[in-house]
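This is what each chain is made of:
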Amino acid sequence: MTTTLLFDINSNPLIIPIFFAITGLVIGLFSKTIVAKKQRKRILQLEDEMLASHSRILSLEKRIADYKAEKNNLHQDFELITHKTKDQNLKVS
């Protein structure tokens, strides 16, 4: 059995390079898929971090906008009250 295997390899010199080429191709494809999976996983992780950061920024901006709106409403209410009292004073006198 071993003599026939050695005989087949020796009779066709292209078998060994073809075997190594196929083996190299398979190993290369496996390593490429493993690297691609790791990169995809890392990209998804970074996207999650960015979404979390953006949501935090948006919530802080909303708080600032609410604070400014509340502050403007307080000033507007105060100004309206003072204008009304001035108008009332003018009408009375």
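The structure we're discussing is the one just above.
Everything numeric here is computed off the predicted structure, so don't read it as measured data.

Draft legend 1. Representation of the overall build of the protein chain in the model. When you go through the protein chain residue by residue, the secondary structure sums to 2 helices and 0 strands. Looking at the 93 residues of the protein chain, the share that counts as buried comes to 0%.

Draft legend 2. Representation of a nonpolar patch on the surface within the structure. A surface patch of nonpolar side chains, about 500 Å² in accessible area, is lined by Leu-14, Ile-18, Ile-22, Val-26 and Phe-30. Within the secondary structure, Ile-18 sits in helix H2 (residues 15–92).

Draft legend 3. Representation of the pattern of salt bridges in the model. For the coordinates displayed, the defined rule picks out 1 salt bridge. Between Asp-66 and Lys-62 there is a salt bridge, with the nearest N and O atoms lying 3.0 Å from each other. Highlighted residues: Asp-66 and Lys-62, both in helix H2, separated by 4 residues, approximately one helical turn. Given the relative accessible area of 39%, Asp-66 is considered partly exposed.

Conventions and cut-offs
- Within any chain, residue numbers begin from 1 and follow the written order of that chain's sequence.
- This being a predicted model, a pLDDT of at least 70 is required before a residue's local features are given, and a value of 80 or more before pairs of side-chain atoms are given or counted; all residues contribute to the totals for chains, interfaces and linings.
- Side-chain calculation: all heavy atoms of the structure are included, whereas hydrogens and water are not.
- Every helix listed is a DSSP run of H or I at least four residues long, and every strand listed is a run of E at least two residues long, numbered separately from the N terminus.
- Any residue under 20% of the maximum accessible area for its type is buried, any over 50% is exposed, and the rest in between are partly exposed; the area is computed with a 1.4 Å probe on protein chains only.
- Patch rule: a residue counts if its relative accessible area is over 30% and it has no salt bridge; like charges are joined within 9 Å, and nonpolar side chains (Val, Leu, Ile, Met, Phe, Trp, Tyr) within 5 Å.
- Computed by Shrake-Rupley with a 1.4 Å probe, the accessible areas treat only the displayed protein chains as cover when residues are assessed.
- Just to be clear on terms, a salt bridge is a Lys or Arg side-chain nitrogen sitting within 4 Å of an Asp or Glu carboxyl oxygen.

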